[in-house]
Amino acid sequence: MNPNMKIFHMLFPGGLDRALTLSYDDGVVQDRRLSELCRSRGVKCTFNLNSGTLGRVETATAPGREPLDISCVTSEELQTVYAGHEVAAHGLWHSSLPDLGTPGAMYEIITDRVNLEKLSGGAVQSFAYPFGTFNEDVKTLLRLAGFRSARTVRSTGAFALPGDFLEWDPTCHHDDPRLMELLETFCDDAAPRFGGPRLFYLWGHAYEFDARHNWDVIERFLDRAAPLGGKVWFATNGEIVRYTEAYRALVWSADGGAVTNPTTTALWIGVGREGAVEVPAGATVRLL
Ligand SMILES: [Zn+2]
């Protein structure tokens, strides 16, 4: 290898090479328990809410199945239930957006954002596709409405960051039989840094834990992940997007030997197998 050749790649804040994020949908009452399980362990979750269904009281029934409470949290408790996490959008009424026509889809997207920003008191820029359905028009509408990311339901079983955050494929659903095996792979400190940072992205619906009587699945997952706090960045979807966008805004010199950080966020660059260099906000750093 050319001795002058360096391999640079993104690291997360503090020079960490891994991040963990959760994404749970529909704003159901079981979010109260999930939110607290995460918060007590320092893990962060993005909760994707339908502002039109907040406060809904509903029980799902199906032949051969016990009744399941799928009521939603109320708007009054929204800030308390989701404290420390991210409030994100999931469409006003949970409609399949490609089937609505452009005006209808735009209304679902922008109205949900307006409502949730009023209720949460912050900017809402993350989204999850209802039913996982989307097309290029829906992506364009999201971009125009100011959304920076949207999660699909396509599990990858992998830890890569997406090239396009409006098609953000998660690592796996919590019912995936590979769940703990994937987590152990993710926890492996010896895995090479080459290829960029690793992200474990878990998704699901909190009512599923009631339906399958398996809250122990998420408790086991969180208990295994929580001690990694010093090595893994526990972040919301929005925090990961904002950091990654800032990193992608770095200005590199023509010979790749110097880099300028034009943003207001301190950024970290991995150099080769072990190195980590901080590029403070507004600073230029020579790497070669
Ligand atoms: Zn949903």
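For the structure itself, consult the block above.
To keep things clear, this report deals only with the structure shown in the data block.

What to know about the overall build of the chain
- When helices and strands are tallied, the chain shows eight helices and 16 strands.
- The C-alpha radius of gyration of the chain comes to 20 Å, within 12% of the 19 Å expected for a compact globule of 288 residues.
- Considering only C-alpha atoms, the chain reaches an extent of 65 × 40 × 30 Å along its principal axes.
- Taking all 288 residues of the chain together, the buried fraction comes to 36%.
- Within the chain, contacts between residues separated by at least 24 positions form 64% of all contacts whose residues are at least 6 apart in sequence.

Details of unusual backbone geometry
- Of note in this structure, D26 is not a glycine but carries a positive phi near 90°.
- When you line up the elements, D26 lands in the loop between β2 (18-25) and α1 (31-39).
- You can call D26 buried: it has 21 C-beta atoms within 10 Å.

Some thoughts on the nonpolar core
- The biggest cluster of nonpolar side chains holds 62 residues, and the ones touching the most others in it are A19, V87, L142 and A150.
- Sequence-distant contacts of A150, that is, excluding residues within four places in its chain, are made with F127, A128, Y129, F134, L142, L166 and W168.

Let's talk about the environment of Y129
- Of note, Y129 is situated in the loop between β7 (126-128) and α4 (136-144).
- Remark: the alpha-carbon pair of Y129 and L161, spanning 32 residues in sequence, is separated by 18 Å.
- Leave out the neighbours within four places in its chain, and Y129 touches L97, F134, A150, R151 and T152.

What to know about the sheet that holds strand β14 (residues 267-271)
- Read across the sheet, three strands follow the order β1-β14-β15 without closing on themselves; strand pairing throughout is antiparallel. At either end of the open sheet lies a strand with only one pairing partner, and these are β1 (8-11) and β15 (275-279). Strand-to-strand twist across the sheet, computed as the mean angle between neighbouring axes with direction ignored, equals 35°.
- Pairing geometry for β1 and β14, over four bridges, is antiparallel. The residue of β14 that forms the bridge with F8 is V271.

Focus on α1
- Every buried residue of α1 is accounted for by D31, L34, S35 and C38. Axial view of α1: buried residues confined to an arc of 100°, hence all on one face.
- Where α1 is buried, its residues contact β2, β3 (45-49), α2 (78-81) and α7 (215-225).

Cut-offs used in this document
Chains are numbered independently. Their residues run from 1 in the order of the written sequence. This being a predicted model, a pLDDT of at least 70 is required before a residue's local features are given, and a value of 80 or more before pairs of side-chain atoms are given or counted; all residues contribute to the totals for chains, interfaces and linings. The secondary structure listing takes helices from DSSP runs of H or I that are at least 4 residues long and strands from runs of E that are at least 2 residues long, numbered from the N terminus. A radius of gyration in this sense is built from C-alpha atoms; the matching globule rule multiplies 2.2 Å by the number of residues raised to 0.38. With C-beta atoms placed from the backbone, the exposure class of a residue follows from how many other C-beta atoms lie within 10 Å of its own: 20 or more, buried; 12 or fewer, exposed; in between, partly exposed. We call two residues in contact when their backbone-placed C-beta atoms lie within 7 Å. A set of buried residues drawn from Ala, Val, Leu, Ile, Met, Phe, Trp, Tyr and Cys, joined through C-beta atoms within 7 Å, is what defines a nonpolar core. Only when DSSP finds a minimum of two bridges between them are two strands counted as paired. Here an angle of 0 to 180 degrees is reported between the N-to-C directions of two axes, which are lines fitted to C-alpha atoms, with helices fitted over the stretch in contact. Relevant arc is that of directions from the helix axis to the C-beta atoms, nothing else.

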